[in-house]
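An overview of the molecular structure
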Amino acid sequence: VVCGHCGNTFLWMELRFNTLAKCPHCKKISSVGSALPRRRCCAYVTIGMICIFIGVGLTVGTQDFSRRFHATYVSWA
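Remember, predicted model here, so these are calculated numbers, not experimental data. (Residues numbered from 1 in each chain as written. Predicted model: local features only at pLDDT ≥ 70, side-chain atom pairs only at ≥ 80, totals over all residues. Heavy atoms only, no water.)

**So, a nonpolar patch on the surface**
What counts, and what does not: Each patch is built from residues lacking any salt bridge and having more than 30% relative accessible area; the joining distance is 9 Å for like charges and 5 Å for nonpolar side chains (Val, Leu, Ile, Met, Phe, Trp, Tyr). Values of accessible area rely on a 1.4 Å probe in the Shrake-Rupley scheme; residue burial ignores everything except the protein chains shown. For salt bridges, the criterion is a side-chain nitrogen of Lys or Arg within 4 Å of an Asp or Glu carboxyl oxygen. In this text, helices come from DSSP runs of H or I with a minimum length of four residues, and strands from runs of E with a minimum of two, each type numbered from the N-terminal end.
A surface patch of nonpolar side chains, about 580 Å² in accessible area, is lined by Val-45, Met-49, Ile-52, Phe-53, Val-56 and Val-60. With respect to the secondary-structure elements, Met-49 resides in helix 1 (residues 35-61).

Structural data, given as structure tokens:
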């Protein structure tokens, strides 16, 4: 396995291919295999989209209220 941080090569014997390996040189953790980073990326994109939809829904849902009470802009921030 090649460390993603320091670039040194080290041996990693693990039966599962979706694990994290600790580099013996720099002591940082690198992912082994392509499934783990892909799964993590999908999870972050999904959480980001949910947050965007919540933000847009909150903005659209309180649009009329914020026109009357300008302090709503502060609560959005």
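Don't stop here, the text continues.
**A word on the confidence of the model for the protein**
The condition is simple: Confidence of the predictor at the level of single residues is given by pLDDT, which spans 0 to 100.
Overall, the prediction assigns the protein a mean pLDDT of 83, with 90% of residues at 70 or greater. Per-residue pLDDT, averaged within each element of the protein, yields its smallest value for helix 3 (residues 72-76) (77) and its largest for helix 1 (90).

**Some remarks on the side chain of Ser-66**
The condition is simple: Relative accessibility under 20% of the residue-type maximum defines a buried residue, over 50% an exposed one, and the middle range a partly exposed one, all with a 1.4 Å probe and only protein chains included. Whether two residues are in contact is decided by their heavy atoms: any pair within 4.5 Å suffices.
Summarising the element assignment, Ser-66 is placed in helix 2 (residues 63-68). Judged by relative accessible area, Ser-66 falls into the buried class, the value being 1%. Sequence-distant contacts of Ser-66, defined by excluding residues within four places in its chain, comprise Thr-72, Tyr-73 and Trp-76.

**Some remarks on unusual backbone geometry**
Excluding glycine, residues mostly have negative phi values, and the peptide bonds linking residues are mostly trans. We note that Lys-27 has phi near 65 degrees; this positive angle belongs to a residue other than glycine. Along the polypeptide, Lys-27 turns up in the loop between strand 1 (19-22) and strand 2 (29-32).

**What about the pattern of salt bridges?**
Pairing between side chains of opposite charge can happen when the charged atoms of each approach one another. Enumeration over the complete set of coordinates arrives at 1 salt bridge. The residue Arg-67 makes a salt bridge to Asp-64 at a minimum N-O spacing of 3.6 Å. Residue Arg-67 and its partner Asp-64 are both found in helix 2; the two are separated by 3 residues, about one turn of the helix. Look at Asp-64 and you get exposed, because its relative accessible area is 54%.

**Considering the environment of Gln-63**
Note that Gln-63 resides in helix 2. By relative accessible area, which is 37% here, Gln-63 ends up partly exposed. Residues Gln-63 and Tyr-73, spaced 10 residues apart in sequence, show a C-alpha to C-alpha distance of 9.8 Å.

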